[in-house]
Amino acid sequence: KLELKSQMVVLASAMVTAKGDATPQIFKVPVNDDGFYVEAHAKLKPVDFATDGVFVCGLAHGPKPVDETIVQAQAAAARAVTILSSDTTLVGGVVAEINLARCTGCGVCVEACAYQAISLNEDNKAVVNESLCKGCGTCAASCRSEAAALRGFTNAAIFSQIMAS
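Since the structure is predicted, the reported quantities are computational estimates derived from the model, not experimental observations.

The rules behind the values
- Residues numbered from 1 in each chain as written.
- Predicted model: local features only at pLDDT ≥ 70, side-chain atom pairs only at ≥ 80, totals over all residues.
- Heavy atoms only, no water.
- Helix = DSSP H or I, 4+ residues; strand = E, 2+ residues; numbered from the N terminus.
- Rg over C-alpha atoms; globule rule 2.2 N^0.38 Å.
- Buried < 20%, exposed > 50% of the residue type's maximum accessible area, 1.4 Å probe, protein only.
- Contact = heavy atoms within 4.5 Å.
- Phe/Tyr/Trp six-rings, centres within 6.5 Å; stacked < 30°, edge-to-face > 60°.
- Lys NZ or Arg CZ within 6 Å of the ring centre and 35° of its normal.
- Lys, Arg positive; Asp, Glu negative; His and termini not counted.
- Salt bridge = Lys/Arg side-chain N within 4 Å of Asp/Glu carboxyl O.
- Polar contact = N/O pair within 3.5 Å; in protein donor to acceptor, adjacent residues only side chain to side chain.

Q: What is the right way to look at the overall build of the protein chain in this model?
A: When you go through the protein chain residue by residue, the secondary structure sums to 5 helices and 4 strands. Ordered by position from the N terminus, the helices and strands of the protein chain form the series α-α-β-α-β-β-α-β-α. Computed over the C-alpha atoms, the radius of gyration of the protein chain is 22 Å, more than 25% above the 15 Å expected from 2.2 N^0.38 for a compact globule of 165 residues. Its C-alpha atoms give the protein chain principal-axis dimensions of about 75 × 45 × 40 Å. Residue burial in the protein chain is summarised as follows: out of 165 residues, 22% are buried. Look at the contacts in the protein chain between residues 6 or more apart in sequence, and 42% of them connect residues 24 or more apart.

And the structure:
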């Protein structure tokens, strides 16, 4: 037998995430080893994901007290209002483009794109949705026929910068 003298006893049930949930794949958001969502940056963007327009708060982020959950929910709502209240949305200038004459329709760039910004059209050629493209260059790096490239970053320009340094 064990007897403990205490001032307070706190009882809390365990929190676990749903196994096999497709939500992270649908929204292209990362999860940690425990299955909770991971923000873009813990200090600079505590409620933002790398995917624009998707925010995290509360217990989806991990176990936390109610008052912290409320503050995080208010922050996520405020971030959503900044997007919803603007008439237009500006996207980055660096986006991928496809040279249709070189595209073989293999689909490697479609699979490589983490933002689902590339799809194959009815002619089996890759097409970029510029509003979804983040300009990461993964498609350009994975394209075997060099059809995908980042706008303004040609191979000749990159090689000339390498040779100059």
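Q: Help me understand the packing of aromatic side chains, please; the structure alone is not making it clear to me.
A: How two aromatic rings sit relative to each other is set out by the distance from centre to centre and by the angle between their planes. Applying the stated criterion to the full structure yields 1 aromatic pair. With 6.0 Å between their ring centres and 80° between their planes, Tyr37 and Phe49 make a pair best called edge-to-face. One end of the pair, Tyr37, is in the loop between helix 1 (23–27) and helix 2 (66–84); the other, Phe49, is in the loop between helix 1 and helix 2, with 12 residues separating them in the sequence. Comparing Tyr37 with Phe49, the two get one shared label, buried. Above the plane of the ring of Tyr115 lies Lys134, whose end atom (NZ or CZ) is 6.0 Å from the centre.

Q: What's the story with the side chain of Lys64 in this structure? I'm lost.
A: Structurally, Lys64 can be placed in the loop between helix 1 and helix 2. Buried charge without a salt bridge: Lys64, with Glu68 as the nearest opposite-charge side chain at an N-O distance of 4.6 Å. There is a polar contact of 2.9 Å between the side chain of Lys64 and the side chain of His61. Here Lys64 is in contact with Gly58, Leu59, Thr69 and Gln72, once residues within four sequence places are set aside.

Q: I would appreciate a short explanation of the side chain of Thr17 in the present structure.
A: With respect to the helices, strands and loops of the structure, Thr17 is situated in the segment before helix 1. Judged by its relative accessible area of 18%, Thr17 is buried. Only 3.0 Å separates the side chain of Thr17 from the backbone oxygen of Asp34, close enough to count as a polar contact. Ignoring any residue separated from it by four or fewer positions in sequence, one finds Thr17 in contact with Asp34, Gly35 and Phe36.

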